[in-house]
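In case you want the letters, here they are:
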Amino acid sequence: MSREPDMIDKNHHAPGTTQCLVRSEVGLGRSKMSSSDQNPAATPASGPDEPSPPGRPTAVSSQVLDMGAQLVQALKPVRQMKQHACSIALYAHDLHRQMEVHHFVSRLNQDVLQCAVYDSDKPSARLIGVEYIVSDTIFEGLPPDEQRLWHSHAYEVKAGLWTDVAVPEALQSSEMASLAKTYGKFWCTWQVDRGDALPLGVPALMVSPQAAEPGRARAELVRRRDERYGVDSSAGGLKAARVEMDEPEWINPNADYWRLHRKGFAVDVVPAEMKRHAPFP
């Protein structure tokens with residue numbers, strides 16, 4: 001498929017041949033599909049709504065190795081994940097595609113969080129992407145072209161969509177107030193909502209729910225999440241508890257790009273020239 005790209009990573013252009021990712025601006029209601037939501041060609045990885053990855057059962061020898069490694073390895077980055085948050089995410093190029101997502105959050109400092117994102121909190125959960133979260137102060141220092149790839153969290157938090165699973169609201173309220181003033185960049189690498197049993201195709205940029213159509217979280221999706229975790233995100237629940245929460249004084253219009261421009265971003269793969277020399281000695 002050919003489209004004029006909105007932004008191209010020019011740093012990849014040099015003699016040779018390889019592939020690079022092109023971020024393209026696409027209309028939200030367009031008829032043509034981008035690489036980000038085209039179903040891949042027929043493959044054993046295509047499956048039902050909750051497919052299992054193809055492959056053999058885990059061998060006993062592998063299980064023994066896993067157990068032994070767990071005893072002697074510190075796994076320090078993994079052990080920094082201190083929170084499990086659940087929310088709803090939307091595809092930036094197709095806001096009607098929405099799914100429940102589970103963030104396992106580690107804190108680099110008070111202004112930067114990094115989240116491994118899974119499709120559930122089951123032992124068999126699939127790692128479907130990564131989200132980086134920064135404070136409004138850091139976000140304001142990013143270039144405008146970069147800011148367009150990020151989304152705000154104010155509505156998502158105040159609407160009760162983002163919540164720390166099983167944590168009492170009184171305990172998480174301070175964290176939620178801070179989160180409401182942050183911005184996130186979320187890349188989905190495994191589109192399980194279309195039945196992929198393996199991470200196929202190119203990454204897709206994700207965005208947060210908003211109060212405006214077509215970016216509202218589907219009521220049925222939220223209801224099922226609330227029932228599963230005993231959450232009440234209704235007007236009488238988390239929304240009421242967070243109604244007095246301070247909101248950001250200003251949400252940068254470069255974030256939540258679709259709201260002003262009615263366009264999102266999709267990723268295509270195109271041929272590009274390969275570098276022959278490193279850009280630094």
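Residues numbered from 1 in each chain as written. Predicted model: local features only at pLDDT ≥ 70, side-chain atom pairs only at ≥ 80, totals over all residues. Heavy atoms only, no water.

Quick look at the overall build of the protein
Check the secondary structure of the protein and you find nine helices and 11 strands. Of all intrachain contacts in the protein linking residues separated by at least 6 positions in sequence, the fraction that spans at least 24 positions is 71%. For the protein, the accessible surface area stands at approximately 15,600 Å², while carbon and sulfur atoms represent 55% of it. (Helix = DSSP H or I, 4+ residues; strand = E, 2+ residues; numbered from the N terminus. Contact = heavy atoms within 4.5 Å. Areas by Shrake-Rupley, 256 points an atom, 1.4 Å probe, with all protein chains shown as cover.)

Considering the nonpolar core
Formed by 23 residues in total, the largest nonpolar core has its most connected members in M99, V101, I128, V157, W162, F186 and M206. Where this core is concerned, the elements lending two or more residues are β3 (81-91), β4 (94-109), β5 (112-118), β6 (127-135), α6 (169-179), β9 (182-188) and β10 (204-207). If sequence neighbours within four positions are ignored, V157 has contacts with W162, M176, L179, A180, R242 and M245. Among the nonpolar cores identified, the runner-up in size contains 18 residues, and L90, L95, L149 and W150 belong to it. (Core = buried A, V, L, I, M, F, W, Y, C linked by side-chain atoms within 4.5 Å. Buried < 20%, exposed > 50% of the residue type's maximum accessible area, 1.4 Å probe, protein only.)

Brief notes about the confidence of the model for the protein
On average, residues of the protein carry a pLDDT of 86, and 81% of them reach 70 or more. Ignoring residues within four places in sequence, the model shows residues 30-35, a span with pLDDT below 50, making 15 contacts including any to other chains. The low-confidence segment residues 42-48, where pLDDT is below 50, has nine contacts with residues more than four positions distant or belonging to other chains. (pLDDT = per-residue confidence, 0-100.)

Some thoughts on the side chain of R225
By the element assignment, R225 lies in helix α7 (residues 219-229). From its side chain, R225 meets the backbone oxygen of C86 in a polar contact 3.2 Å long. Not counting residues within four places of it along the chain, the set of residues in contact with R225 comprises C86, S87, E100, G160, L161, T163, V231 and S233. (Polar contact = N/O pair within 3.5 Å; in protein donor to acceptor, adjacent residues only side chain to side chain.)

Some points on the packing of aromatic side chains
Scanning the entire structure with this criterion turns up four aromatic pairs. Ring centres 3.8 Å apart and planes at 10 degrees place the aromatic pair F139 and Y183 in the stacked group. Taken together, the residues F139 in helix α3 (residues 136-140) and Y183 in strand β9 connect sequence positions 44 residues apart. Taken as a pair, F139 and Y183 share a single burial class, namely buried. An aromatic cluster of at least three residues, connected via ring pairs, comprises F139, W150 and Y183. In this structure, R97 packs its charged tip against the face of Y91, placed 3.9 Å from the ring centre. (Phe/Tyr/Trp six-rings, centres within 6.5 Å; stacked < 30°, edge-to-face > 60°. Lys NZ or Arg CZ within 6 Å of the ring centre and 35° of its normal.)

Observations regarding α7
Turning to α7, its buried residues are L221, V222, R225, D226 and Y229. Buried residues in α7, looked at end-on, bunch into an arc of 130 degrees, giving them a common side. Turned more than 90 degrees off the buried face of α7, the exposed positions are A219 and E227. Elements that come into contact with the buried residues of α7 comprise β3, β4 and β8 (163-164). (Arc of directions from axis to C-beta.)

Notes on the side chain of D196
Assignment of secondary structure puts D196 in the loop between β9 and β10. Engagement of the side chain of D196 in a polar contact is seen with the side chain of R194, the distance being 2.7 Å.

Focus: the pattern of salt bridges
All told, the structure shown has 14 salt bridges when counted by the stated rule. One salt bridge connects R126 with D119, and the closest N-O pair in it is separated by 2.6 Å. The class for R126 is buried, based on a relative accessible area of 10%. Each of E220, R223, R224 and E227 takes part in one network of salt bridges that share partners. (Salt bridge = Lys/Arg side-chain N within 4 Å of Asp/Glu carboxyl O.)

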